[in-house]
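Here are the chains, one letter per residue:
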Amino acid sequence: MFTTRLAESIWTKQVRNPSGKLILLALARYANKECICWPSIETLSNDTGISERQIMRIIKDLEKDNLLLVKRAGWNKPNVYKFTYSDTMSPYKEYQWKTSRNTESGL
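Structural notes, computed from the coordinates.

What counts and what doesn't
Residues numbered from 1 in each chain as written. Predicted model: local features only at pLDDT ≥ 70, side-chain atom pairs only at ≥ 80, totals over all residues. Heavy atoms only, no water. Helix = DSSP H or I, 4+ residues; strand = E, 2+ residues; numbered from the N terminus. Buried < 20%, exposed > 50% of the residue type's maximum accessible area, 1.4 Å probe, protein only. Axes fitted to C-alpha atoms, helices over the stretch in contact; angles between N-to-C directions. Parallel < 35°, antiparallel > 145°, perpendicular 65-115°, else oblique. Contact = heavy atoms within 4.5 Å. Nonpolar A, V, L, I, M, F, W, Y, C, P; charged D, E, K, R; others polar. Patch = residues over 30% accessible without salt bridge, like charges linked within 9 Å, V, L, I, M, F, W, Y side chains within 5 Å. Areas by Shrake-Rupley, 256 points an atom, 1.4 Å probe, with all protein chains shown as cover. Salt bridge = Lys/Arg side-chain N within 4 Å of Asp/Glu carboxyl O. Lys, Arg positive; Asp, Glu negative; His and termini not counted. Charge placed at Lys NZ, Arg CZ, Asp CG, Glu CD. Pairing = 2+ DSSP bridges.

**As for unusual backbone geometry**
- Phi is positive for Asn 66, which is not a glycine, with a value near 60°.
- Locating Asn 66 in the fold gives a position in the loop between helix 4 (52-64) and strand 2 (68-71).
- With phi around 60°, Asn 76 is a residue other than glycine that occupies positive phi space.
- On the basis of relative accessible area, Asn 76 is assigned to the exposed category, the value being 69%.

Have a look at this one:
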């Protein structure tokens, strides 16, 4: 199962904050084969027991550490997350993630 391989990869990653690893594992639970997911902050909070504000801080740290790409969707819409280190595990190697930094169209 793809999610299991992604979770195994997360366990081997060095993350500066132990809560960051928990957030990565929670995100992996929702990831599709392209390593993309879009759970809400509220869902992540319910899954992990970490406050919504702390999750937002952790996600920013994971983004700074180049472990996640985040496409911010706007008010009352879930963000879209992509694992940046999972390209070798994805069956869709040709899949290109586009960020607002790279293109105006987003995904």
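**So, the packing of helix 3 (residues 41-48) against helix 4**
- Where helix 3 contacts helix 4, the axes come no closer than 9 Å and their chain directions differ by 105°. Judged by the inter-axis angle, helix 3 sits roughly perpendicular to helix 4. Where helix 3 approaches helix 4, its residues Ile 41, Glu 42, Leu 44, Ser 45 and Thr 48 are matched on the opposing element by Glu 52, Ile 55, Met 56 and Ile 59.
- Considering only residue class, the contact of helix 3 with helix 4 consists of five nonpolar, two polar and two charged.

**Overview of a positive patch on the surface**
- Together, Arg 53, Arg 57, Lys 60 and Lys 64 make up a positively charged patch on the protein surface.
- Relative to the elements of secondary structure, Arg 57 occurs in helix 4.
- With relative accessibility at 40%, the residue Arg 57 sits in the partly exposed group.

**Re the pairing of strand 2**
- Side chains of strand 2 alternate between two faces, with Leu 68 and Val 70 buried and Leu 69 and Lys 71 left unburied.
- Where strand 2 and strand 3 (residues 80-83) come together, four bridges link them in antiparallel fashion. Considered in strand 3, the bridge of Leu 69 is made with Lys 82.

**Some points on the environment of Cys 35**
- Residue placement: Cys 35 occurs in the loop between helix 2 (18-30) and strand 1 (36-37).
- Judged by its relative accessible area of 0%, Cys 35 falls in the buried class.
- A sequence separation of 46 residues divides Cys 35 from Tyr 81, and the C-alpha atoms of the two residues are 8.2 Å apart.

**A look at the pattern of salt bridges**
- Counted under the stated rule, the structure contains three salt bridges.
- As a salt-bridge pair, Arg 16 and Asp 65 come within 3.0 Å of each other at their nearest N and O atoms. Of this pair, Arg 16 sits in the loop between helix 1 (2-12) and helix 2 while Asp 65 sits in the loop between helix 4 and strand 2, and the two are 49 residues apart along the sequence.
- Ionic pairing is found between Asp 47 and Arg 29, a salt bridge with its closest N-O pair at 3.4 Å. Of this pair, Asp 47 sits in helix 3 while Arg 29 sits in helix 2; the two residues are 18 residues apart in sequence, bridging distant segments of the chain.
- A residue is classified by how much of its surface remains accessible, and Asp 47, at 34% relative accessible area, is partly exposed.
- Look at Arg 29 and you get exposed, because its relative accessible area is 55%.

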